[in-house]
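Residues per chain, in single letters:
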Amino acid sequence: MVELSAHCRMSSNSHASDLQHPHKATTVTIGRFFEDFQLGERIQHATPRTLTEGDAAQYLALYGSRFAQYCAAPYATACGFAKTPLDPLLVFHVAFGKTVPDVSLNAVANLGYADVRFLQPVFAGNTLFVDSEVIGLKENSNGKTGVVYVQSRAQNQHGEPVLQWQRWVMVHKRDHKTPTEHNSVPTVKAALTASELPLPQGLHAPAEQNYYTGSSTVAWDYRIGSVINHGGGITIGDSDHMMATRLYQNNARVHFDAAYMQQQPAGKRLVYGGHIISLVQALSYNGFENALWLAGFNGGVHANPSFAGDTIYAASVVTDVQKLGNGLSALRVVSFGIKGEPGELLASLPALTESASLPSTIVLKWDYWLVLP
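The present account deals with the structure reproduced in this document. A quick note: this is a predicted structure, and the numbers were derived from the prediction, not measured.

About the thresholds
Residues numbered from 1 in each chain as written. Predicted model: local features only at pLDDT ≥ 70, side-chain atom pairs only at ≥ 80, totals over all residues. Heavy atoms only, no water. Helix = DSSP H or I, 4+ residues; strand = E, 2+ residues; numbered from the N terminus. Contact = heavy atoms within 4.5 Å. 1 Å grid on protein atoms, 1.4 Å probe; cavity = no way out; pocket = protein on both sides within 12 Å on 5 of 7 lines; lining within 4 Å. Points joined across faces, edges and corners; volume = space filled by probe spheres on them. Nonpolar A, V, L, I, M, F, W, Y, C, P; charged D, E, K, R; others polar. Pairing = 2+ DSSP bridges. Disulfide = S-S within 2.5 Å. Buried < 20%, exposed > 50% of the residue type's maximum accessible area, 1.4 Å probe, protein only. Phe/Tyr/Trp six-rings, centres within 6.5 Å; stacked < 30°, edge-to-face > 60°.

Here's the deal with the side chain of glutamate 289
Then, in step 1: With respect to the helices and strands, glutamate 289 occurs in the loop between helix H7 (273-283) and strand S10 (293-301).
Then, in step 2: Residues contacting glutamate 289, with those up to four places away along its chain left out, are Phe67, Thr213 and Ser215.

Quick look at empty space enclosed by the protein
Then, in step 1: Throughout the structure, instances matching the rule amount to two cavities of 30 Å³ or more.
Then, in step 2: Computed from the structure, the largest cavity encloses a volume of approximately 90 Å³.
Then, in step 3: For the largest cavity, the lining is made up of 13 residues, of which Phe67, Gln281, Ala291, Leu294 and Leu370 are closest to its centre.
Then, in step 4: Only S10 and strand S13 (362-372) provide two or more residues apiece to the lining of the largest cavity.
Then, in step 5: Ranked by the residues each element gives to the lining of the largest cavity, the list is headed by S13, at three residues.
Then, in step 6: Class assignment for the residues of the lining of the largest cavity results in 10 nonpolar, three polar and no charged.

A few points about the pairing of strand S4 (residues 127-139)
Then, in step 1: In the sheet, strand S1 (residues 42-44) pairs with S4 via three bridges, with the strands oriented antiparallel. Along S4, the bridge assignment pairs glutamine 44 with aspartate 131.
Then, in step 2: Examined bridge by bridge, strand S2 (residues 49-50) and S4 share two bridges and lie antiparallel to one another. Counted as the bridge partner of arginine 49 is leucine 128 from S4.
Then, in step 3: Relative to strand S5 (residues 145-155), S4 runs antiparallel, the two sharing 10 bridges. Directly across from serine 132, in S5, lies its bridge partner serine 152.
Then, in step 4: Counting the residues in the hairpin turn of S4 and S5 gives five residues, including glycine 143, whose phi is positive at 75°.

Overview of the state of the cysteines
Then, in step 1: Counted by the stated rule, this structure contains zero disulfides.
Then, in step 2: Of the cysteine sulfurs around cysteine 71, a residue in no disulfide, the closest is that of cysteine 79, at 11 Å.
Then, in step 3: Cysteine 71 gets classed as partly exposed once you look at its relative accessible area, which sits at 45%.
Then, in step 4: Looking at cysteine 79, the relative accessible area reads 0%, which means it is buried.

Considerations on the pairing of strand S12 (residues 328-339)
Then, in step 1: When you tally the buried positions in S12, you get 11 out of 12 residues, the bulk of the element.
Then, in step 2: Where strand S11 (residues 311-325) folds back on S12, the antiparallel hairpin that results is connected by two residues, among which asparagine 326 adopts a positive phi of roughly 55°.
Then, in step 3: Bridge count between S12 and S13: 10 bridges; the pairing is antiparallel. Paired with phenylalanine 336 across the two strands is lysine 365, which belongs to S13.

Quick word on the packing of aromatic side chains
Then, in step 1: This model, assessed by the stated rule, comprises 18 aromatic pairs.
Then, in step 2: Plain terms: the ring middles of phenylalanine 118 and phenylalanine 297 are 5.8 Å apart, the flat faces sit at 65° to each other, and that makes the pair edge-to-face. Note that phenylalanine 118 is positioned in strand S3 (residues 107-118) and phenylalanine 297 in strand S10, a separation of 179 residues in sequence. Neither residue differs from the other here; phenylalanine 118 and phenylalanine 297 are each classed as buried.
Then, in step 3: Measuring from centroid to centroid gives 5.7 Å for tyrosine 222 and phenylalanine 288, while their planes differ by 50°, and the two rings are tilted. Of the two residues, tyrosine 222 sits in the loop between helix H4 (209-213) and strand S8 (227-229) while phenylalanine 288 sits in the loop between H7 and S10, which places them 66 residues apart along the sequence. The exposure classification of tyrosine 222 matches that of phenylalanine 288, with both residues buried.
Then, in step 4: Three or more aromatic residues link up through ring pairs in this structure, and these residues are Phe92, Phe96, Tyr113, Phe118, Trp165, Tyr248, Tyr272, Phe297, Trp366 and Tyr368.

Structure (structure tokens):
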């Protein structure tokens, strides 16, 4: 018997005789190709998501992040939050996942991020609604792919924006022989300034921070150009990265479909790049224990692919420190996700913060702002 696609399964009004004609079965075409995008169009992404304490617990189980404001209610309120906020990266990954079916399901690669701003905290019980605008389209010279640039935003159930970001992704063309003549590349913000960083209302340095975090370090203890080796590593399990990606409802086939990926150059399933970001963030607690808030990304590059079995280490370079007022400062950091122990690579990391060419052992370069006392 031929199994019919979801939208072709027999309804209560279908005739049994239909099952005698297997040639009627069709395969659903999902996801957009490069030709399907129009410059300036707005896309309302399906399936809003209400985040729960269960989501927060599963996220913690996947990465083991120890930042106290996301797992200890007394500390969260001591920092000025109304209650325990969800980790901003959990919010980012879920919102990002909403965009995948409409933007990157037929992607070759997610190329980068810019102007990522966490506008206000998200709490358990909040619902995320996500939409995107196509802000750039550029066909590649090979005629087989093109780059799609989108500006995306997530709002809560009250219509209040909680997150915004830009990203660009390389997408397959449906027809390699017919050029689209798209050649529009938007201006992408190189970096957020400290004055542009959104801060949660009421955020302040808690009086007993050392009691909760085990560290008395403040922003001005860091020196520009210093390298922090966060120590330890996390080996990616097949079930880990697939469970994480399912948590975000990211259905890109490159992460799940082994049969499909055997026919692709990689030869096996790719780990979702956001999974690497969260691993690096979890590892960075050793060095950034007193970070109160992840305010935004200046950029992020998935420099090389990651696969199950890779062991990821993290190291960071401090690139700026700025006062914000109210007892807070902003620390600009470039963190690297590295396959295997960093070793001699550590000495070259300051130079690599400005380099577009990265060694094959670096799978992530992530430029972002933290808020510290």
